[in-house]
Amino acid sequence: MENRTSFYDVDYNELDRDLSPEQLREWTSIYASYRSRTPLTGIVVGVDTHRLAVRNPETGETETREIQCLVLMDFRVKVIIPQPEVWYQPDAPFPDYVVRRMVGAKIDYVITNVDREGECAIASRRMALGYARNRFFRDRQRNEPGRILQCNVLVVGPKRILVECNGFDISIRNRELSYTAIADLREEYKPGQQVSAKLKSADPQAGTIEISVKEVNPTPYFGAEKRHPIGSTRKAVISGTYAGGVFCRLSDDTTCMCLYSPNYFKEEFYIGDSVLISISRFDDGKKQVYGRILSKL
């Protein structure tokens, strides 16, 4: 990779003379980001391992190591982001495998090195996250508690997801995403997806924010007795089990705690099965709906 001085010694007019309009647009964006440190946005298309010179934080010496790198390609130029530049803090509490699961995620990054003849570039997501945090804390309307913010889904696991919100990478558990149980979050969320979240607090001194995806909407229990009166039958999906009961998810995300019908064995039902249930009662204290499974669908 070129250093910052050699970048300005290259004759880009000559190198770019025969580029197509799409290629020229791509390189122009890369040059602009490198010169002015402005963020670009792209989709992670893969993960590679590269031998790169990095600074050892303990010794201060530069050493060559094999490092996982995110790969982005807007059109034809390969842009890599070394793992130390993926997170805002190099010692972020995310295991190495999290980087490998970011394929498909939409992220911001800043070009830090350009190899025009090699048709590639190195970038930093860490710098882009820093810019986003600064913009967020400067905008009082944006960081006012209660505001609805947009978050980019980075990684999805069965029980939690990792999102980026205004420069903050936040891990969110299943129960913090929805009022109803979701058996496998990978069925609901994908890297690159955008979700809304309510801002609960923002502390510029500590550099922290707290958000809630679930609280964007009120609990579906409110009004459930009108939508699903006692004695009504409804289609639902089994989302979990607990102490002999079954969590069934209705179409409006209301959770109904059901018992099995005497005509069936519990071994006949699996998480994800569609079932027909009968609503039996409401508990306003626990904000819980109860019912019974009538049959499989």
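Data block above holds the structure.
Conventions and cut-offs
Residues numbered from 1 in each chain as written. Predicted model: local features only at pLDDT ≥ 70, side-chain atom pairs only at ≥ 80, totals over all residues. Heavy atoms only, no water. Helix = DSSP H or I, 4+ residues; strand = E, 2+ residues; numbered from the N terminus. Rg over C-alpha atoms; globule rule 2.2 N^0.38 Å. Buried < 20%, exposed > 50% of the residue type's maximum accessible area, 1.4 Å probe, protein only. Expected span 1.5 Å × (residues − 1). Polar contact = N/O pair within 3.5 Å; in protein donor to acceptor, adjacent residues only side chain to side chain. Pairing = 2+ DSSP bridges. Axes fitted to C-alpha atoms, helices over the stretch in contact; angles between N-to-C directions. Contact = heavy atoms within 4.5 Å. Phe/Tyr/Trp six-rings, centres within 6.5 Å; stacked < 30°, edge-to-face > 60°. Salt bridge = Lys/Arg side-chain N within 4 Å of Asp/Glu carboxyl O.

Engineer: Could you give an account of the overall build of the chain, naming the residues involved and the relevant values?
Structural biologist: Looking only at helices and strands, the chain features six helices and 15 strands. Its C-alpha radius of gyration of 25 Å places the chain more than 25% over the 19 Å reference for a compact globule of 297 residues. Taking the principal axes of its C-alpha atoms as reference, the chain extends roughly 80 × 45 × 40 Å. Within the chain, the proportion of its 297 residues that are buried is 43%.

Engineer: Let's hear about helix 5 (residues 125-138): which residues, and what values?
Structural biologist: Between its first and last C-alpha, helix 5 extends 20 Å over 14 residues, near the 20 Å set by a 1.5 Å rise per residue. Within helix 5 the residues assigned to the buried category are Arg125, Met127, Ala128, Leu129, Gly130, Ala132, Arg133 and Phe136. By the N-cap criterion, in which a side-chain oxygen at the helix start approaches the backbone nitrogen of a residue two or three places on, helix 5 is capped by Ser124, the distance to Arg126 being 3.3 Å.

Engineer: Kindly report on the sheet that holds strand 6 (residues 148-156), identifying the contributing residues and their values.
Structural biologist: Taken together, five strands build an open sheet; the order of strands is 8-7-6-9-10 and the sheet is antiparallel. Every interior strand has two partners, whereas the edge strands, strand 8 (168-173) and strand 10 (208-212), have only one. Adjacent strand axes in the sheet meet at a mean angle of 45° when their direction is disregarded. Inspection of the sheet shows strand 9 (residues 194-203) paired to strand 10 by five bridges, in the antiparallel sense. Opposite Ala202, over in strand 10, you have Ile209 as the bridge partner. Each of strand 6, strand 7 (160-165), strand 8, strand 9 and strand 10 is contacted by helix 5, which is oriented at about 90° to strand 8, the strand it contacts most.

Engineer: Before we move on, can you summarise the side chain of Ser232 with the specific residues and values?
Structural biologist: Along the chain, the position of Ser232 falls in the loop between helix 6 (224-227) and strand 11 (233-242). Under the relative-accessibility criterion, Ser232 is labelled buried at 12%. Looking at Ser232, its side chain comes within polar contact range of the main-chain oxygen of Pro229, at 2.6 Å. Contact partners of Ser232, with chain neighbours within four places excluded, come to Ile277, Ser278 and Ile279.

Engineer: Tell me about the packing of aromatic side chains, residues and numbers included.
Structural biologist: All told, the structure shown has seven aromatic pairs when counted by the stated rule. Ring centres 5.3 Å apart and planes at 65° place the aromatic pair Phe136 and Phe137 in the edge-to-face group. Judged by relative accessible area, which is 22%, Phe137 ranks as partly exposed. Between the aromatic rings of Phe137 and Phe168, the centroid separation amounts to 5.9 Å while the plane-to-plane angle is 85°, which identifies the pairing as edge-to-face. Pair noted here: Phe137 is in helix 5 and Phe168 is in strand 8, with a separation of 31 residues, a long-range link.

Engineer: So, the pattern of salt bridges: which residues are in play, and what are the values?
Structural biologist: Scanning all chains against the criterion turns up 16 salt bridges. A salt bridge links Arg17 to Glu14; its shortest N-O distance comes to 2.9 Å. Classification of Glu14 by relative accessible area gives partly exposed; the value is 46%. Among the ionic contacts, a cluster of salt bridges with common partners joins Glu22, Arg25 and Asp74.

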